[in-house]
Structure formats: C-alpha cells, structure tokens
Amino acid sequence: MNSFLISKYKDVEPYVPGEQPRDKKYIKLNTNESPYPPSDRVLRAVEESAKNLQLYPDPACRDLRATLAGSLGLKPGNILPTNGSDEVLSLSFMAYAHDEKPAYYADVTYGFYDVLSGLFGVKAEHFALENDFTIDINRYCGLGSGLIVIANPNAPTGIAIGVCEIEKICKESPDCVVLIDEAYVEFGAESCVGLVQKYPNLIVSRTYSKSMSLAGARLGYAIANEERIRELETLKYTLNPYSVNRTALAAGIAAVEDIEYYRNNCRLVAKTRDKTAEKLKELGFELTDSKANFVFCRHPGVPASELSDKLRKVGILVRHFTGERTNDWLRISVGTPEDMNQLIAALAKILTTNH
Ligand code: PMP
C-alpha cells in the first residue's frame, strides 16, 4: 500500500519506551518508575478533580505554577508545566535548534534527544563520553549558537556533574541555550535551579514521573528565565494548549504540599540503590557511580542480553539498550528493598548455574 506520510517523516526513528507488559505480574525494574504509590493527599486531589472533568483544564496552569514557584523561591513566570518533561525537551528542540544551530549532547544519554533531532531536522553533534562514561565538560564550553543538552544525572549511566560545572558551561557558551534535564536529580545529585536567575540561557527540566510517583499522570515542568519560559509557552500554545490535564494539575499541587512523603521515598530509594550496588559488586558486577533511581552495571562473565532474558523468565524486567557502548550493560531501576532482594537472589542463581 502507498504511504500517505510526507517524505520528511519517512525516516524518523521513534523512541522505544521500556516494556509495559500485560501477560503477568513482573517485578518491574525497566522504566525507572517509583516503586511507591502516590500519597493519600494526591489520591484525594485526583478524585476531587475528576468531578470537573467535563471542563477543560486551565491552559496557563496558574495554580500549579504558583505552587511550584513558591516551593522553589521563584516567580510563576519562571515555570512552565508540561505533559511530562518530554514536552519540555520537545519544545526546547523545536525552539532552539535546527540544521544550522546544532544540538550538542553526549553519545550515551537519553535516547529521546536523538529522536527529537530526527523529528525537527536538527543537526546533532554527539560528544563522546570518556571510557568510564564521565563527561568532559570542556567540550561544551566555547560553543557557538545552538542547544546544549545534558541530563544530570545522566541516563542510563546515573553519573552526575556539579552545579559549578553547569555554571561554567552557561558562562562559557553564552550564545547557546543550556538545557539541563534533571529527571533524576532528587535521588542524590545537585540541582542547578539556583542558577536560572543569573543565566538567561539556562533551562532546567524536571519531572513528576520518578521522584513524585506520577509517571502515569504525565507531568513535568521547565524552570528558566521569564523570557525563555514565554518562548516555550508560545510553542506549547501552538501545539497543544491543554497538554497538562486537570487531574495532573491537581495531583501536581497536592504532591508539592506533601513533599515530605516524597522526600522520604527518594531517600529510601537512594539507600536501596546503594545497598543493591554493594550486593551487585559482591556478585562480580562493575557499576557506574549512579546518583539516580537506577543502577547501571555489567558482569564480566555473562552478556547483558542473556542476563536480561534470564531475569525476564523469572519475572523480573530490567532494561538492556543495544548500541555500541551500552550493549554490555544493564540499567536496573531501584524498586522496594524486597524487589531488590529478589533481583539479587535471581542474579546469584543465574550466575552460579552459568559457571
Ligand atoms: N529525561 C530523562 C533523562 C529520562 O530518562 C526521562 C524518562 N524516560 C525523561 C526525561 C522523560 O520523563 P517524563 O516525560 O516522564 O517526565
């Protein structure tokens, strides 16, 4: 059959999300969701918001903006709520990069950046991470115009950089927009939100998907200078003014009001991550120093694809990214302590039967 798709989209490579299986119940350690449910306060707010689902949501998201601004010590004009932080990324690629204004990002990072470059016809300049997956930030200094994108902590490696390093990039590439993707920042890295008033070229993207147990609600936000926020907002209004739905708005406000519950969960996840890392090392794994809600590891004796398949057979899902530099590695989301005990027991068994 003939395709009706216009030619510029014929070769776009879509993002491949982690599996959401329906055949049976798995221990899901493949998509970096929180293992903990939303708080009761959030559940009540969701229920209440559902009573008005016949009405469109506030496209300006004023209440959520005010709540977030209050919690960050910024103005509502510094915040743009979005449909997941993926929407911040889409709007930023659309706004600040094209074929002559490149997007600069690491060769091993969140796969969605390449997808967006493909979709928007953006020239992508990939800067190779070092052999140990650390980033040489000097590569991002002294660049001309374009969009620098750094996930901090990076995905899937979990390795974080400091605020001073981000400041150096903002300062030394002043004609680039610097987009810092803080999807995982709450699990142990330093946020650079404090720099947005000083650097008009900085945009920080944040999500409710991981630290706030709301991956299913699709809620994220951009934090930046008011001028950048207006630019992104204009584009949001051209694509989908109502991209953040009524229920997500209500959940987002209630979650900030219940922040201690979420902070505790993040602390617990970080503690479980570090314990899991120790146990994996005892099993012979090599790991990066992850500050995120996942670990990134490889075993010298068994290929990652084999480990992933064998874990699946015993009901545990982890993420294996094919690709030259990631093929040997597994990204394993941090679940509850019980989930991780089961993971370690399953891996120990696989490794002993393999020898
Ligand atoms: N940035 C990174 C680095 C991610 O791993 C993800 C999750 N896949 C996102 C952004 C997007 O998250 P969400 O759209 O759920 O906010």
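Note: the structure precedes this text.
*Asks:* Sorry, what's going on with the pairing of strand S7 (residues 202-207) here?
*Replies:* Each regular strand displays side chains that alternate between the two surfaces of the sheet. Among the six residues that make up S7, six are buried, leaving the element largely enclosed by the rest of the structure. Residues Leu202, Val204 and Arg206 line one face of S7 and the alternating positions Ile203, Ser205 and Thr207 line the opposite face, and both faces are buried. Sheet analysis places S7 next to strand S8 (residues 220-224), joined by five bridges and oriented antiparallel. Directly across from Val204, in S8, lies its bridge partner Ile223.

*Asks:* Is there a simple way to explain the sheet that holds strand S3 (residues 103-106) in this structure?
*Replies:* What holds strands together in a sheet is hydrogen bonding between their backbones, with the strands either parallel or antiparallel. Spatial strand order, S2-S8-S7-S6-S5-S3-S4: seven strands in an open sheet with mixed pairing. Each of the sheet's edge strands pairs with one partner strand only, and the pair in question is strand S2 (79-82) and strand S4 (124-127). On average, adjacent strands in this sheet sit at an angle of 20° to one another, irrespective of strand direction. Of the strand pairs in this sheet, strand S5 (residues 146-151) and strand S6 (residues 176-181) are connected by six bridges, and their pairing is parallel. Following the sheet pairing, Ile148 is matched in S6 by Val178. On top of the sheet, helix H2 (residues 62-72) reaches S2, S7 and S8; it is set at about 125° to S2, its chief contact. Set on the sheet, helix H4 (residues 112-120) makes contact with S3, S4, S5 and S6; between it and S3 the angle comes to about 155°.

*Asks:* So what exactly am I meant to see when it comes to the packing of aromatic side chains here?
*Replies:* One pair of aromatic rings is described through two measures. These are the centre distance and the angle between the planes. The final tally for this structure, using the stated rule, is 16 aromatic pairs. With 6.3 Å between their ring centres and 25° between their planes, Phe93 and Tyr113 make a pair best called stacked. You can see Phe93 sitting in helix H3 (residues 84-96) and its partner Tyr113 sitting in helix H4, a full 20 residues away along the chain. Under the relative-accessibility criterion, Phe93 is labelled buried at 0%. Ring geometry for Tyr105 against Tyr113: centres 5.6 Å apart, planes inclined by 70°, an arrangement best described as edge-to-face. Each member of the pair, Tyr105 together with Tyr113, is buried. Feature note: the residues Tyr15, Phe93, Tyr105, Tyr110, Phe112 and Tyr113 constitute an aromatic cluster, connected by ring pairs. If you follow Arg331 out to its NZ or CZ, it ends over the ring of Phe294, 5.8 Å from the centre.

*Asks:* Would you explain the environment of Ser243 in this entry?
*Replies:* Summarising the element assignment, Ser243 is placed in the loop between helix H6 (226-239) and helix H7 (246-257). In the structure, Ser243 is positioned 44 residues away from Tyr199 in sequence and 27 Å away in space, judged by C-alpha atoms. Sequence-distant contacts of Ser243, defined by excluding residues within four places in its chain, comprise Asn83, Glu87 and Lys236. Of note is the side chain of Ser243, whose polar atom sits 2.8 Å from the side chain of Glu87.

*Asks:* Quick question: what am I supposed to make of the layout of surface pockets here?
*Replies:* If a probe the size of a water molecule is rolled over the atoms, the empty space left behind becomes visible. The computed volume of the largest pocket comes to approximately 1,100 Å³. Along the walls of the largest pocket sit 44 residues, with Tyr15, Tyr110, Gly111, Arg319 and Phe321 positioned nearest its centre. Going through the elements one at a time, H3, S3 and H4 are the ones with two or more residues in the lining of the largest pocket. In this structure, the second largest pocket spans a volume of roughly 420 Å³. Lining the second largest pocket are 16 residues, with Glu186, Arg206, Tyr221, Ile259 and Arg263 sitting closest to its centre.

Reading guide: rules and limits
- Residues numbered from 1 in each chain as written.
- Predicted model: local features only at pLDDT ≥ 70, side-chain atom pairs only at ≥ 80, totals over all residues.
- Heavy atoms only, no water.
- Buried < 20%, exposed > 50% of the residue type's maximum accessible area, 1.4 Å probe, protein only.
- Helix = DSSP H or I, 4+ residues; strand = E, 2+ residues; numbered from the N terminus.
- Pairing = 2+ DSSP bridges.
- Axes fitted to C-alpha atoms, helices over the stretch in contact; angles between N-to-C directions.
- Contact = heavy atoms within 4.5 Å.
- Phe/Tyr/Trp six-rings, centres within 6.5 Å; stacked < 30°, edge-to-face > 60°.
- Lys NZ or Arg CZ within 6 Å of the ring centre and 35° of its normal.
- Polar contact = N/O pair within 3.5 Å; in protein donor to acceptor, adjacent residues only side chain to side chain.
- 1 Å grid on protein atoms, 1.4 Å probe; cavity = no way out; pocket = protein on both sides within 12 Å on 5 of 7 lines; lining within 4 Å.
- Points joined across faces, edges and corners; volume = space filled by probe spheres on them.

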